[in-house]
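A structural walkthrough
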Amino acid sequence: YIKNTDQIFQNGNLISLYPIINIYHAYLIGVYIGDGCFGSSKKNPYTILISCNSNGKNIEKIKKYCEYLNYGCVIDKRKETKCTTLQIKSLELYLILHKLGFNRNIRADKKFIPSVFITASDDIKMNLLKGMYSADGSFNEFKNSQKLVYTTVSEKLKNDLFLILNNFNVNT
């Protein structure tokens, strides 16, 4: 990373300190809300870690979005635990998450949907939700109905999710 007074460059590309959140950012932020945390490496302190289940489709989508945004993305598969961790190496994403109110001290029970998404366009909201559901959501079929389920331990995140879903007239 190279910093000039009011500009920061990563891999030769200028990083905006006030980036516009697009649908790719929204999806990655949703995945972060569901299954992400800040890395602790001193070698690369701007790493975002995403824990993934074995769903290769989600991993490929995250990787594709990272490539589109020019973010580094390393896949770490652990055979013994069947867990895959994606390491997203991006100062820009790190800065976006910080600007939205996330930091290393926010654990799963304190996660939330940043208020900027409440008034965002439907495309941005939808991609945030897609990211969240790809991380912590499931689709269940019951006797004569189908339900989309989202699991969280955060009361604030639950309430924020209800608010956004109500904007789409989804019964919660």
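Refer to the structure printed above.
Described in the following lines is the structure provided in the data block. (Residues numbered from 1 in each chain as written. Predicted model: local features only at pLDDT ≥ 70, side-chain atom pairs only at ≥ 80, totals over all residues. Heavy atoms only, no water.)

On to empty space enclosed by the protein, then. Vacant regions in the atomic arrangement are exposed by a probe of water-molecule size rolled over the atoms. Evaluation of the coordinates by the stated rule reveals one cavity of 30 Å³ or more. By volume, the largest cavity is sized at about 70 Å³. Contributing elements (two or more residues each) for the lining of the largest cavity: helix 1 (23-35), strand 5 (47-52), helix 2 (56-68) and helix 4 (122-136). Broken down by element, the lining of the largest cavity gets its largest block of residues, three residues, from strand 5. Each residue belonging to the lining of the largest cavity can be placed in one class, and the counts come to five nonpolar, four polar and one charged. (1 Å grid on protein atoms, 1.4 Å probe; cavity = no way out; pocket = protein on both sides within 12 Å on 5 of 7 lines; lining within 4 Å. Points joined across faces, edges and corners; volume = space filled by probe spheres on them. Helix = DSSP H or I, 4+ residues; strand = E, 2+ residues; numbered from the N terminus. Nonpolar A, V, L, I, M, F, W, Y, C, P; charged D, E, K, R; others polar.)

Right, let's get into the layout of surface pockets. Taken as a whole, the largest pocket spans an internal volume of roughly 280 Å³. Along the walls of the largest pocket sit Y133, K147, L148, Y150, T152, K158, L161, F162, L165, V170, N171 and T172, which together make up its complete lining. Contributing elements (two or more residues each) for the lining of the largest pocket: strand 9 (146-150) and helix 5 (155-167). For the lining of the largest pocket, the per-class residue count stands at seven nonpolar, three polar and two charged. By volume, the second largest pocket is sized at about 160 Å³.

Moving on, we get to helix 3 (residues 91-99). Taken residue by residue, helix 3 has L91, E92, L93, Y94, I96 and L97 as its buried positions. Looking at where helix 3 begins, the residue whose side-chain oxygen comes 3.3 Å from the main-chain nitrogen of E92 is S90. (Buried < 20%, exposed > 50% of the residue type's maximum accessible area, 1.4 Å probe, protein only. Polar contact = N/O pair within 3.5 Å; in protein donor to acceptor, adjacent residues only side chain to side chain.)

What follows concerns the packing of helix 1 against helix 3. With their axes 11 Å apart at the nearest point, helix 1 and helix 3 run at an angle of 70° to one another. Between helix 1 and helix 3, the angle falls in the class roughly perpendicular. Viewed along their axes, helix 1 and helix 3 form a crossing whose handedness is right-handed. Between helix 1 and helix 3, the contacting residues are H25, I29 and Y32 on the first element and E92, L93, I96 and L97 on the second. Split by residue class, the contact of helix 1 with helix 3 holds five nonpolar, one polar and one charged. (Axes fitted to C-alpha atoms, helices over the stretch in contact; angles between N-to-C directions. Parallel < 35°, antiparallel > 145°, perpendicular 65-115°, else oblique. Left-handed = near helix turned anticlockwise from the far one by under 90°. Contact = heavy atoms within 4.5 Å.)

With that settled, the discussion passes to the sheet that holds strand 5. An order of 4-5-7-6 is seen for the four strands of this open sheet, with the pairing classed as antiparallel. Among the strands making up the open sheet, the edge pair consists of strand 4 (36-38) and strand 6 (72-78). The mean inter-strand angle of the sheet, taken between neighbouring strand axes irrespective of direction, is 20°. Of the strands in this sheet, strand 4, strand 5 and strand 7 (83-89) are in contact with helix 1, which crosses strand 4 at around 90°. (Pairing = 2+ DSSP bridges.)

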